[in-house]
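Spelled out, the chains give:
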Amino acid sequence: MIGPSFPAGFRFGVATSAQQIEGAAREDGRGESVWDHCAAKPGFVKDRSDASRACDHYHRWRDDIALMRELGISAYRFSTGWSRVLPTGEGAPNEAGLAFYDRLVDGLLEAGITPFLTLDHWDLPQALDEKGGWGSRATVDAFVAYADVVSRRLGDRVKHWITHNEPWCVATLGHELGAHAPGRRDPAEALRVAHHLLLSHGRAVPVLRANSAGCEAGLTTMVTHVEPASTSAEDRDAARRLDGSFNRWFLDPLHRGAYPADAVADRVRRGHLASAEIPFVHDGDLRTIAVPADFLGINYYSRAVVKAGPDGEPVGVPQAPPEQLTEMGWEVWPQGFFDVLTRLTRDYAPKQIHVTENGAAFADPPASDGVVADPRRVDYLRTHLLAAQRAIEAGVPLAGYFAWSLMDNWEWAEGYTKRFGLYAVDFESQQRTAKHSARFYRDVVAAHAVPTVVPQYS
Ligand code: FCB
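In this text, all values refer to a predicted model and were calculated from it rather than measured experimentally.

**Concerning the pairing of strand β3 (residues 75–79)**
Here's step 1: Most of β3 is tucked away: five of the five residues are buried.
Here's step 2: Residues Ala75, Arg77 and Ser79 point to one face of β3 and Tyr76 and Phe78 to the other, with burial holding for every one of them.
Here's step 3: Relative to strand β4 (residues 114–120), β3 runs parallel, the two being bridged by five bridges. Considered in β4, the bridge of tyrosine 76 is made with proline 115.

**Some words on the UniProt feature "active site" (unreviewed entry) in the protein chain**
Here's step 1: UniProt marks Glu166 and Glu357 with the feature "active site" (unreviewed entry), using the numbering shown here. Annotated residues spanning 192 residues; largest pairwise C-alpha distance 10.6 Å, indicating a single compact cluster.
Here's step 2: Relative to the assigned elements, glutamate 166 resides in the loop between β5 (160–165) and α8 (167–175).
Here's step 3: For glutamate 166, a relative accessible area of 3% puts it in the buried group.
Here's step 4: Tracing the backbone shows glutamate 357 in strand β11 (residues 353–357).
Here's step 5: By relative accessible area, glutamate 357 is classed as buried at 4%.
Here's step 6: With residues near it in sequence (within four places) discarded, glutamate 357 still touches Ala15, Arg77, His121, Asn165, Glu166, Ile298, Asn299, Tyr300, Tyr301, Phe402 and Trp404.

**Focus: the environment of phenylalanine 100**
Here's step 1: Considering the arrangement of structural elements, one finds phenylalanine 100 in helix α5 (residues 95–110).
Here's step 2: Looking at phenylalanine 100, the relative accessible area reads 0%, which means it is buried.
Here's step 3: Measuring from C-alpha to C-alpha, the distance between phenylalanine 100 and aspartate 28 comes to 9.7 Å, with 72 residues separating the pair along the chain.
Here's step 4: The contact partners of phenylalanine 100, leaving out residues within four places of it in the chain, are Glu22, His57, Tyr58, Trp61 and Arg84.

**Some thoughts on the sheet that holds strand β2 (residues 11–15)**
Here's step 1: Taken in spatial order, the eight strands line up as β2-β3-β4-β5-β6-β8-β11-β12 and close into a barrel, and their pairing is parallel. This sheet shows a mean twist of 25° between the axes of neighbouring strands, independent of strand direction.
Here's step 2: As paired strands, strand β8 (residues 295–299) and β11 are joined by four bridges and run parallel to one another. The residue bridging leucine 296 from the neighbouring strand is isoleucine 353, located in β11.
Here's step 3: Strands β5 and β6 (216–222) of the sheet are contacted by α8, whose axis makes an angle of about 40° with β6.

Calculation rules
- Residues numbered from 1 in each chain as written.
- Predicted model: local features only at pLDDT ≥ 70, side-chain atom pairs only at ≥ 80, totals over all residues.
- Heavy atoms only, no water.
- Buried < 20%, exposed > 50% of the residue type's maximum accessible area, 1.4 Å probe, protein only.
- Helix = DSSP H or I, 4+ residues; strand = E, 2+ residues; numbered from the N terminus.
- Pairing = 2+ DSSP bridges.
- UniProt positions renumbered as here; feature names shortened; annotations may be inferred.
- Contact = heavy atoms within 4.5 Å.
- Axes fitted to C-alpha atoms, helices over the stretch in contact; angles between N-to-C directions.

Below is the structure:
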């Protein structure tokens, strides 16, 4: 049984990022990124791997476009590696790097696939980090110059631009919790980083529009559905705090031109800001950040149910037994996807929303007869696509959905231990094998609708 059709023009795609798939880390003039640098530190990446080879997409991109054709998708979200284009993050562009993306974009267009290009998917050039990284306002200028270089070169053909991927992760995981590159633990710096990421978005959008006539530009943020574990005032306040620091800290400046007052007060109370007068927010910054975007990109994976810890801070309360979680330890909660999409529409009224990532890591069994059976991923995709469909019916201006990810890849600090792909990758031989989820997604794309019953693949 097939559910109702998605609207005409709705785009189904897949997503990847440069650092996670390209490999060829030291080829053709590419410079070091913060993730290359951190991966070399003992203990930073779980399996001690790095992304120097990853999926070898730099050499195998033609084969990877063939996989996309097999899926029948009409859009592909990828990122340009900042240090491949500008090895030290600024100065003269690396022609070989630009030429690679030139060929990739042409290849996609020949295959009838619309490129959605992310400029910053976490791979800040290491040389810029050594000059202060995202904590420094100079990095805002460097990002705008990088956006200019890439959009001058590709803006005649690329018409969908995403400035940043998930600023929360770069700011909080990278600068407050030290779990992601560049691995720092300084909450005050993390807030400065978040501001500079947002500001560089606001400054880059007009540059993209100038270089890419008629383009659409936006930013991708991770949105988590936050619920209190009980109706107690303390738990509800813990949920408010998490929603404030995780979701609204980014969504409010982008759509309302202000940081959320309650979340600012939380940071003052915790000593991360001296007062509500934030010193690194200069006159005019908030107006710049609130530049009207053409779409909001969101990545949705799971929800968070929280209670108040001893100091009132949110503490996660597991809702499902471990065997029901994904390999990342994330609960499968499609209703949260619907809730997030409708909430964003209600609270922020974006012109359009693209789901720029959604997917699940499960340990897949080995291939047999050239196929990998991954029923849990099929179910994840099916239930989330049905939630997306319901959200559209409820009035959400959802224009596209990108499954994360085309193929298994280098999952940051988790290395190669977490597999999100529709295609399995043997990282030794670099062979790609379709999983049942690839077949499922191909059927969804072809029908422009989602099966309402669980498909049985033999
Ligand atoms: C997102 C990232 C993406 C990938 C998925 C699993 O936060 O944007 O690169 O790591 O999570």
